[in-house]
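Tertiary structure, described
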Amino acid sequence: PPTLEKVTEKFEELYQGVGGLAGLKSTERLLPARPLLAQLASKYPLGIVTGRPLKDLDFALDHFGIREFFKASGTMEDGVKPDPAPVTCVLGKMGCKTGVLLGDTVDDCRAAVAAGIVAVGVLAPGHKREVDTPTLEEAGACAVLSEGMAELQAFLE
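Values in this document were obtained by computation on a predicted structure and should not be read as measured data.

**Structural notes on the overall build of the protein chain**
Counting its secondary structure elements, the protein chain contains seven helices and five strands. If you list the helices and strands of the protein chain from N to C, you get α-α-β-α-β-α-β-α-β-α-β-α. By the compact-globule yardstick of 15 Å for 157 residues, the protein chain fits well, its C-alpha radius of gyration being 16 Å. On the principal axes, the C-alpha backbone points of the protein chain span a range of 50 × 35 × 30 Å. Sorting the 157 residues of the protein chain into buried and exposed places 33% on the buried side. For the protein chain, the exposed surface amounts to about 9,100 Å²; the carbon and sulfur share of it is 60%.

Here is the structure:
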């Protein structure tokens, strides 16, 4: 069987792209939509936490033109979720004692709970509510939003 190192190496080739071929990162969709991020950023200080390295976050922020919406970021260099370190790092950079973390994985929800903030699950693209909701709630999500997060404004009010 392949080692974790070999699997990681292959993933990075596919994700980043090699030999002049574009990687999968250039085919990703922005979730949530840019107008929703703009609306949220006009009302709340936003931070972003990712399990990817800083170079990948920088690519995404620039590729989607959303850097302006975020006051702080946490990446795998700050810690790996479900460790709360990247979440507490972002909270510290923003001077916040509390917050809401929107995430589509169990590790997102666990990191939020461990950091002492509210976890809200979000259905990942193509996932089914009846499958993911119990899993995300078991990991600490107080609610689970649809993929497009149409319910987010009502939840925050």
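Past the structure itself, the notes keep going.
**Thoughts on the environment of Gly103**
Assignment of secondary structure puts Gly103 in strand S3 (residues 100–103). Judged by relative accessible area, which is 5%, Gly103 ranks as buried. Beyond its immediate stretch of four places on either side in the chain, Gly103 contacts Asp108, Val120, Gly121 and Val122.

**With respect to the sheet that holds strand S5 (residues 141–145)**
In sheet architecture, strand pairing relies on hydrogen bonds along the backbone and comes in two forms, parallel and antiparallel. Here we have three strands laid out as an open sheet, ordered S3-S4-S5, and parallel in their pairing. Looking at strand neighbours, the two that pair on one side only are S3 and S5, the edges of this open sheet. In this sheet, adjacent strand axes meet at a mean angle of 25° when their direction is disregarded. Of the pairings in the sheet, the one linking S3 to strand S4 (residues 118–122) comprises four bridges and is parallel in character. Directly across from Leu101, in S4, lies its bridge partner Ala119. Running over the sheet, helix H5 (residues 106–114) touches S3, S4 and S5 and is turned about 170° from S4.

**What to know about the layout of surface pockets**
Of the volumes computed, that of the largest pocket is approximately 1,500 Å³. Residue lining of the largest pocket: 48 residues in total, with Leu31, Gly47, Ile48, Val49 and Leu102 positioned closest to the centre. Listing elements by their share of the lining of the largest pocket, those giving two or more residues are helix H2 (34–43), strand S1 (46–49), helix H3 (54–63), helix H4 (85–94), S3, H5 and helix H7 (152–156). Taken together, the residues of the lining of the largest pocket break down into 32 nonpolar, seven polar and nine charged.

**Describing the pairing of S3**
Within a regular beta strand, the side chains point alternately toward one face of the sheet and then the other, so they alternate between its two faces. Taking every second residue as pointing to the same face, the buried face of S3 carries Leu101 and Gly103, while none of Val100 and Leu102 on the other face is buried. The parallel pair S3 and S4 is bridged by H5, and the resulting crossover is right-handed.

**Considering the packing of aromatic side chains**
One pass over the structure, following the stated rule, counts one aromatic pair. Between Phe11 and Tyr15, the ring centres sit 5.5 Å apart and the planes meet at 10°, which makes this aromatic pair stacked. Placement of both Phe11 and Tyr15 in helix H1 (residues 4–16) is noted, with a separation of four residues, approximately one turn of the helix. A cation over an aromatic ring shows up here: Lys25 above the ring of Phe59, its NZ or CZ 4.3 Å from the ring centre. Directly above the aromatic system of Tyr15 lies the positively charged group of Arg52, at a separation of 4.6 Å from the ring centroid.

**With respect to unusual backbone geometry**
Cis geometry is adopted by the peptide bond preceding Pro32, which originates at Leu31 and carries an omega value of 0°. Considering the arrangement of structural elements, one finds Pro32 in the loop between H1 and H2. Here the amide bond leading from Lys81 into Pro82 is cis, since omega sits at 20°, within 30 degrees of zero. With respect to the helices and strands, the residue Pro82 is situated in the loop between strand S2 (70–74) and H4. The backbone of Met149 shows a phi angle near 60°, a positive value even though the residue is not glycine. Following the sequence through the fold, Met149 ends up in the loop between S5 and H7.

Calculation criteria
- Residues numbered from 1 in each chain as written.
- Predicted model: local features only at pLDDT ≥ 70, side-chain atom pairs only at ≥ 80, totals over all residues.
- Heavy atoms only, no water.
- Helix = DSSP H or I, 4+ residues; strand = E, 2+ residues; numbered from the N terminus.
- Rg over C-alpha atoms; globule rule 2.2 N^0.38 Å.
- Buried < 20%, exposed > 50% of the residue type's maximum accessible area, 1.4 Å probe, protein only.
- Areas by Shrake-Rupley, 256 points an atom, 1.4 Å probe, with all protein chains shown as cover.
- Contact = heavy atoms within 4.5 Å.
- Pairing = 2+ DSSP bridges.
- Axes fitted to C-alpha atoms, helices over the stretch in contact; angles between N-to-C directions.
- 1 Å grid on protein atoms, 1.4 Å probe; cavity = no way out; pocket = protein on both sides within 12 Å on 5 of 7 lines; lining within 4 Å.
- Points joined across faces, edges and corners; volume = space filled by probe spheres on them.
- Nonpolar A, V, L, I, M, F, W, Y, C, P; charged D, E, K, R; others polar.
- Right-handed = clockwise from strand over helix to strand, strands pointing away.
- Phe/Tyr/Trp six-rings, centres within 6.5 Å; stacked < 30°, edge-to-face > 60°.
- Lys NZ or Arg CZ within 6 Å of the ring centre and 35° of its normal.

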